[in-house]
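# Secondary and tertiary structure notes
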Amino acid sequence: MILRRTPKIKRLRPSKPRNEDENDPIDDLLRNRLSLTSLVHLREKVTADELSDIIQRIYDLNEKYIQRLSMVEGALHRLNELKNSQRNRVFRKRMKQEFWERKGEKHVIVVEGDSWFNYPVLLTDLIDRIGMEKNFALYSVAAGGDWLLNMLSAREYIEELSVIHPDVFLISGGGNDLVGSNRIAAMLEPTGLCQEIEHSELSQFLLERANRDAVPFNETTFNLGAGFLSRDFFALLQFFHLQYWFLLNGVLRNGAKDGDKFYPIKIVTQGYDFAIPNSELRFGTNLLLWYVPIIRKFLGHGGWLKRPMLLRGVFDQQKQEAIVYAMIYLFNEMMIYTGQELNKKFGGNFVFHIDSRGSVGRDGWADELHPKPRHFMRTGEAFVACIKNESPTYKNVFVVSQMFPE
Amino acid sequence: MRIFPILYWTLFVFAIFFFTWQYLYVLSWGHKLDIFGLEFASNNDGRVLLQDWNRTIVDTENILHYAKVNTWVDFLFIIGYVGVAVLISKSLMQGERNPRFNEIIRMCYLLAFLIGFLDVVENIILLSDMYHYREDKAYVGTALLSTTKFTIVGLLFIIWLVALIRRVIAKNEFN
């Protein structure tokens, strides 16, 4: 069995001596009692070892096992490699002199991410669409099934950033950390009466600051879904914030000022859409959608959302959808917040977010997690607009459903 | 990972060379190895054609022998052309920005496999006919199968042609 990435297993440092009265912010995070001020403080000093400690405690698993879970292996690994090698061959072909002699803006892009950026063969994914731009030279280390955790520990993107010196860095991650290996089951409180959101200062803050004109907010659905989210979900949300902060802060420390190694770099993130838990194969008469039952049969459909929810006793479809709605809503808001805070910190517009919420719709899904190609392509066009410096929908956010209303 | 494209193209080119050489060789003896004629023949015509091939000697073998070899080699050709068709479709799809047409090109994957499948079934029937045509009621015609197969081939080529034209236009617009 080939392992794609073998991050070094680091030993945890002994924790620093702590004053009896002082709360450990990591303990608070895990208990979903971390204040926003403490989170802001924590993100500036959190280390890779502490991130590793947090995830072990959220998942109740040891580091070695988590890393095994997060690694991409077997056939999927080979398909990822195949797609990346084809993309990177095009990259090398484009990076010849005539690329620089072309008219108009040219962009060199490094891509790190998951299956929204690298979907095996059948679907046209986001990067396939972005790569259609002749003035973009795109290098990909994205891998379907990859966890953000793995991207951070493998640090493959750092190597490519250092070698290629791109002006754009695209990243998509977090989805597999949430739904991989039935993890979503551990984030649920099946009674639906959980009040943990009230203790999550980050979530409360995100809901307050959300731009509801740009992305409509369905309060009833959100509240229904939020009632099922356990403290582990809110801990994970804060953990995502810390991970992204750690990752993007690291890139911007070397790319936000003139003279920096990666300067001037633009970072573009994305936050998925409201996926629909489903396990149907959906055979139909539309020949153009021949691939849907194949994807659903062989590539994990039903196992990411539907099955773990059923395992936890959440049987009602409406409730299942509401849970995903609440999760994705908060995840996107967290991403937007992270980008805006980084922009504030580094004094410029470096981080942008592509907000796909509500753009795919009920019938737009090829499987539980991945849109059909036409939706991938539309979101890809939002990325293209962002890379080409077109005006965002608001602040640093490109809202796909606003840019391309159906 | 470039092994598969190389394999598909090798099989594809090898089979075409082989068919061409075989056809010309039989032709040089003043006869014709009309495989397409057999594929589209009715039950009666097919049986007559096979009897004729059985009687006609080219060098040391009869034409029926060449037809059998041709059909066996066709299995390799099927692997080659399905692979090549997928590679071409994928390449065209990668450049197609129109979501609707992108979806249509994606259908070429399905068409390629469908053509290959029909060709395999057709070959099995043809081989059975070649080995058993003398037995009563053993002959099964492939005309319907072949017509379906070539109609799909035609559809595939039309989609490719339109995709190619769109690509050239897009390239010219870009330049």
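Residues numbered from 1 in each chain as written. Chains lettered and ligands numbered in written order. Predicted model: local features only at pLDDT ≥ 70, side-chain atom pairs only at ≥ 80, totals over all residues. Heavy atoms only, no water.

### Overview of empty space enclosed by the protein
The cut-off we apply is this: Both site types are read off a 1 Å grid over the protein atoms alone. A 1.4 Å probe that fits but cannot get out defines a cavity, while an open set with protein on both sides within 12 Å along at least five of seven lines defines a pocket; lining residues have an atom within 4 Å of a point. Grid points are joined across faces, edges and corners, and a volume is the space filled by probe spheres set on the points. Secondary structure is summarised from DSSP: a helix means a run of H or I of at least four residues, a strand means a run of E of at least two, and numbering begins at the N terminus for each. Each residue gets one of three labels, nonpolar for Ala, Val, Leu, Ile, Met, Phe, Trp, Tyr, Cys and Pro, charged for Asp, Glu, Lys and Arg, and polar for the others, Gly among them.
Within the structure shown, the criterion is met by one cavity of 30 Å³ or more. The space that makes up the largest cavity amounts to roughly 30 Å³. Every residue along the wall of the largest cavity is listed here: K83(A), V121(A), L123(A), T124(A), D128(A), K90(B), M93(B), Q94(B) and Y109(B). When residues of the lining of the largest cavity are assigned to their parent elements, the largest contribution, three residues, is made by helix α4 (residues 63-94) of chain B. Considered class by class, the residues forming the lining of the largest cavity number four nonpolar, two polar and three charged.

### Overview of the interface of chain A and chain B
Heads up, the condition is: Contact definition: two residues touch when any of their heavy atoms are within 4.5 Å. Buried area counts how much accessible surface, traced with a 1.4 Å probe, disappears from two parts once they are put together, with both parts' losses summed. Any carboxyl oxygen of Asp or Glu that lies within 4 Å of a side-chain nitrogen of Lys or Arg is treated as forming a salt bridge with it. Distance and chemistry together define a polar contact, namely a pair of N or O atoms within 3.5 Å, with one atom able to donate a hydrogen and the other to accept it when in protein, and with adjacent residues in sequence counting only for side-chain atoms on both sides.
Residue-level contacts link 24 residues of chain A with 20 residues of chain B. Between chain A and chain B, the buried area comes to about 2,100 Å², and carbon and sulfur atoms account for 61% of it. Contact with chain B buries surface across chain A, with M132(A), L288(A) and W290(A) losing the most and accounting together for 30% of the total. R97(B) is the salt-bridge partner of E133(A), the closest N and O atoms lying 3.0 Å from each other. Taken together, the links from chain A to chain B amount to eight residue pairs in polar contact (both at pLDDT 80 or more). For the side of chain A that touches chain B, the secondary-structure elements that each account for two or more residues are α5 (74-94), α7 (126-130) and α18 (373-387) of chain A. At four residues, α5(A) tops the list of elements feeding residues into the side of chain A that touches chain B. Residues of the side of chain A that touches chain B, tallied by class, amount to 12 nonpolar, three polar and nine charged.

### Side note on the confidence of the model for chain B
All names here are of chain B. So the rule is basically this: Known as pLDDT, the predictor's per-residue confidence is scaled from 0 to 100.
Chain-level statistics for chain B give a pLDDT mean of 94 and a share of 99% at 70 or above. At the level of individual helices and strands, chain B shows its lowest average pLDDT in helix α3 (residues 43-55), which scores 93, and its highest in α4, which scores 97. Reported for the predicted complex are a pTM of 0.89 and an ipTM of 0.84.

### Quick look at unusual backbone geometry
Note the cut-off: Each residue is assigned to one of three classes by its accessible area relative to the maximum for its type, calculated with a 1.4 Å probe on protein chains only: buried under 20%, partly exposed between the two thresholds, exposed over 50%.
Following Y263(A), the chain continues into P264(A) via a peptide bond in cis, with omega recorded as -15 degrees. With respect to the element layout, P264(A) can be found in the loop between α14 (231-253) and β4 (266-270). Despite not being glycine, S181(A) shows a phi value in the positive range, around 50 degrees. Tracing the sequence through the fold places S181(A) in the loop between α10 (175-179) and α11 (183-186). Taking the relative accessible area as the measure of exposure, S181(A) reaches 41% and is therefore partly exposed. Phi is positive for D59(B), close to 60 degrees, though the residue is something other than glycine.

### Some details on the confidence of the model for chain A
Summarising the model, chain A shows a mean pLDDT of 89, and 94% of its residues fall at 70 or more. Across residues 1-15 of chain A, confidence stays below pLDDT 50; counting only partners more than four residues off in sequence or on other chains, it has 44 contacts.

### Observations concerning the packing of α18(A) against helix α5 (residues 99-132) of chain B
The cut-off we apply is this: Note on geometry: axes are lines fitted to C-alpha atoms, helical ones only across the stretch in contact, with angles between N-to-C directions running from 0 to 180 degrees. Any angle that is under 35 degrees is reported as roughly parallel, and any over 145 degrees as roughly antiparallel; angles of 65 to 115 degrees are reported as roughly perpendicular and all others as oblique. Each crossing gets its hand from how the near helix is turned against the far one by less than a right angle, where anticlockwise is left-handed and clockwise is right-handed.
Running from N to C, α18(A) and α5(B) cross one another at 135 degrees; their axes reach a closest spacing of 9 Å. Comparing the axis directions of α18(A) and α5(B) gives the class oblique. Handedness of the crossing formed by α18(A) with α5(B): right-handed. Where α18(A) approaches α5(B), its residues P373(A), R374(A) and M377(A) are matched on the opposing element by P99(B), N102(B), E103(B) and R106(B). Among the residues forming the contact of α18(A) with α5(B), the class breakdown is three nonpolar, one polar and three charged.

### Looking at α5(B)
We apply this condition: Here the expected length of a helix is defined as 1.5 Å per residue gap, with one fewer gap than residues.
With 34 residues, α5(B) extends 50 Å from end C-alpha to end C-alpha; this agrees with the ideal 50 Å at 1.5 Å per step. Near the N-terminus of α5(B), the side chain that reaches the backbone nitrogen of R100(B), with its oxygen 2.8 Å away, is that of N98(B).

### What to know about the packing of α4(B) against α5(B)
Residue and element names in this part refer to chain B. At their nearest, the axes of α4 and α5 sit 9 Å apart, and the two run at 175 degrees to each other. In terms of axis orientation, α4 runs roughly antiparallel to α5. Here the contact of α4 with α5 is built from residues that sort into 23 nonpolar, five polar and five charged.

### Some details on the side chain of E368(A)
Residue and element names in this part refer to chain A. Worth spelling out the cut-off: We score Asp and Glu as negative and Lys and Arg as positive, and we do not count His or the chain ends.
Here E368 shows up in the loop between β5 (351-355) and α18. We note that E368 is buried and unpaired, the nearest opposite charge coming from K306 at a distance of 7.1 Å. Here the side chain of E368 touches N278 through a polar contact of 3.1 Å, landing on its backbone nitrogen. Of the polar contacts made by the side chain of E368, one reaches the backbone nitrogen of W304; its length is 3.2 Å. With residues near it in sequence (within four places) discarded, E368 still touches A275, I276, P277, N278, H301, G302, G303, W304, L305 and K306.

### Some thoughts on the environment of A143(A)
In this fold, A143(A) is placed in the loop between β2 (136-140) and α8 (148-154). Taking the C-alpha atoms as reference, A143(A) lies 7.9 Å from Y119(A); in sequence the two are 24 residues apart.

### As for the layout of surface pockets
Roughly 1,700 Å³ of internal volume is contained in the largest pocket. Counting only elements with at least two residues in the lining of the largest pocket, the list comes to α5, α6 (97-101), α7 and β2 of chain A together with α1 (3-28), α4 and α6 (143-174) of chain B. At 10 residues, the largest contribution of residues to the lining of the largest pocket is made by α5(A). In the lining of the largest pocket, the residues fall into 17 nonpolar, 10 polar and 19 charged.

### Looking at α5(A)
Residue and element names in this part refer to chain A. Our working rule: Taken from the helix axis, the directions to the C-beta atoms give the arc we talk about.
Its 21 residues give α5 an end-to-end C-alpha distance of 30 Å, which sits within 8% of 30 Å, the value for a rise of 1.5 Å per residue. Of the positions making up α5, those classed as buried are H77, N80, K83, N84, R87, N88, F91 and R94. Buried residues of α5, viewed axially, fall in a sector of 135 degrees; they line one side. For α5, the exposed residues lying more than 90 degrees away from the buried face are R92 and K93.

### Focus on the pattern of salt bridges
Summed over the entire model, instances satisfying the criterion amount to 24 salt bridges over all chains. The shortest N-O distance in the salt bridge between R357(A) and E333(A) comes to 2.8 Å. Of the two residues, R357(A) is situated in the loop between β5 and α18 and E333(A) in helix α17 (residues 317-346); the sequence distance between them amounts to 24 residues. Relative accessible area serves as the criterion here: at 1%, R357(A) is assigned to the buried category. A cluster of three or more residues bridged by salt bridges with shared partners is formed by R129(A), E133(A), E381(A), K388(A) and R97(B).

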